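Breakdown of the fold
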Amino acid sequence: MSAASGRAARVAVVGSVNLDVVVTADRRAGAGETVAGRDVVEAVGGKGANQALAAAREVDTALVASVGTDAAGTAARATLTRAGVSLDAVSTSSHPTGHAFITLTPDGENSIIVVPLANADLTGDHVFAALDLLRPAVVLCQLEVPPEAVHRAAEWCESRDARFLLNPSPMGDFDRRVLALAHPLIVNRHEAELLTGLRERSAPDLARALSVGSRSVVVTDGPRGAFVAIDDAVDLLPAPAVTAVDTTGAGDAFAGVLAGRLALGDSLHQATARAVDAASRTVQLARSER
Ligand code: RIB
């Protein structure tokens with residue numbers, strides 16, 4: 001049950017929680033170089049937390065995660081609780097809460113070093129047991145937690161007939177067999193290239209190639225929008241033209257809203273259109289304004 005709402009969660013996000021340390025700089029430092037930054041802010045982040053926050057704006061949402069007992073973990077819990085995310089399935093680790101060090105440049109682009117810390121303690125058994133209690137209709141996973149946590153989430157979805165959404169970001173080791181369960185698989189072009197081994201192909205080509213191995217596929221294509229592929233049919237859900245201030249977490253907002261809208265009964269195309277809008281709004285806002 002959701003602590004925040006008293007209702008059963010319809011979406012469960014299985015994923016990471018981080019303290020994001022965001023440095024704004026005119027450019028990235030090269031190897032051996034020191035560059036002066038302009039500003040530094042701290043924010044609650046992690047792909048799991050970001051996705052849960054976005055999903056909770058649509059529907060009752062629970063987070064399955066692992067955080068430390070430190071100030072970062074306390075702050076994350078407070079932010080997520082205020083947003084209505086159920087934390088009943090968030091376990092406490094003896095390690096510090098995960099950290100991400102983000103360099104943000106004036107073009108709105110970022111580079112990120114993420115240190116898992118407590119996120120590495122999320123076990124497959126905890127995930128499976130938590131999902132059995134939460135009984136969500138939709139489960140959304142990314143790859144900032146151990147692969148075993150994702151595999152057990154997929155296994156739970158298959159055994160309980162729940163919808164499994166996979167956003168394999170950042171791309172890393174995982175059992176490729178779970179791709180067949182993803183409905184949809186949510187990837188950007190870079191991730192699509194890594195999964196297919198195809199280079200210099202258009203986003204629709206990548207979406208079509210991936211749709212052979214998953215029940216449905218969504219390939220996000222930055223400012224263009226997102227391509228939805230089901231079997232051989234590929235459709236573009238276009239994004240409005242906007243000026244990006246900070247692209248950090250836009251993909252997470254996309255995935256979270258997609259999960260929430262699917263749980264509410266939207267078609268994949270309807271849900272993707274809402275997710276494209278959410279990501280477009282996100283990139284126009286600085287972290288402090290979200
Ligand atoms: O996708 C953005 C997120 O990636 C950040 O919040 C950071 O924590 C990293 O995990």
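The paragraphs below set out a description of the structure included in this document.

Quick notes on the rules
- Residues numbered from 1 in each chain as written.
- Predicted model: local features only at pLDDT ≥ 70, side-chain atom pairs only at ≥ 80, totals over all residues.
- Heavy atoms only, no water.
- Near = heavy atom within 4 Å.
- Polar contact = N/O pair within 3.5 Å; in protein donor to acceptor, adjacent residues only side chain to side chain.
- Areas by Shrake-Rupley, 256 points an atom, 1.4 Å probe, with all protein chains shown as cover.
- Helix = DSSP H or I, 4+ residues; strand = E, 2+ residues; numbered from the N terminus.
- Nonpolar A, V, L, I, M, F, W, Y, C, P; charged D, E, K, R; others polar.
- Pairing = 2+ DSSP bridges.
- Axes fitted to C-alpha atoms, helices over the stretch in contact; angles between N-to-C directions.
- Buried < 20%, exposed > 50% of the residue type's maximum accessible area, 1.4 Å probe, protein only.
- Contact = heavy atoms within 4.5 Å.

**Description of the site of the ligand**
All residues adjacent to the ligand are Asn-18, Asp-20, Gly-45, Gly-46, Lys-47, Asn-50, Ala-100, Ile-112, Glu-144, Gly-249 and Asp-252. Between the ligand and Lys-47 there is a distance of 2.7 Å, counted from an oxygen atom to a side-chain nitrogen or oxygen. A distance of 3.0 Å separates an oxygen atom of the ligand from a polar atom in the side chain of Asn-50. The fraction of the free accessible surface of the ligand (280 Å²) that becomes covered by protein chains is 96%. If you list the elements that add at least two residues to the shell around the ligand, you get strand E2 (18-25) and helix H1 (47-56). Tallied by class, residues from the shell around the ligand come to two nonpolar, five polar and four charged.

**Topic: the sheet that holds strand E7 (residues 110-115)**
The strand order across the open sheet formed by four strands is E3-E2-E6-E7, and the pairing between neighbours is mixed. Edge strands, defined here as strands with exactly one partner in the open sheet, are strand E3 (37-45) and E7. The mean inter-strand angle of the sheet, taken between neighbouring strand axes irrespective of direction, is 15°. Both E2 and strand E6 (residues 98-104) contribute to a ladder of seven bridges, which runs parallel. Paired with Asp-20 across the two strands is Ala-100, which belongs to E6.

**A look at H1**
Taken across its ten residues, H1 has nine buried, putting it largely inside the fold. Three or more residues of H1 are buried, namely Lys-47, Gly-48, Ala-49, Asn-50, Gln-51, Ala-52, Leu-53, Ala-54 and Ala-55. Against the buried residues of H1 lie strand E1 (11-14), E3, strand E4 (61-67), helix H2 (71-82), strand E8 (138-141) and helix H7 (250-263).

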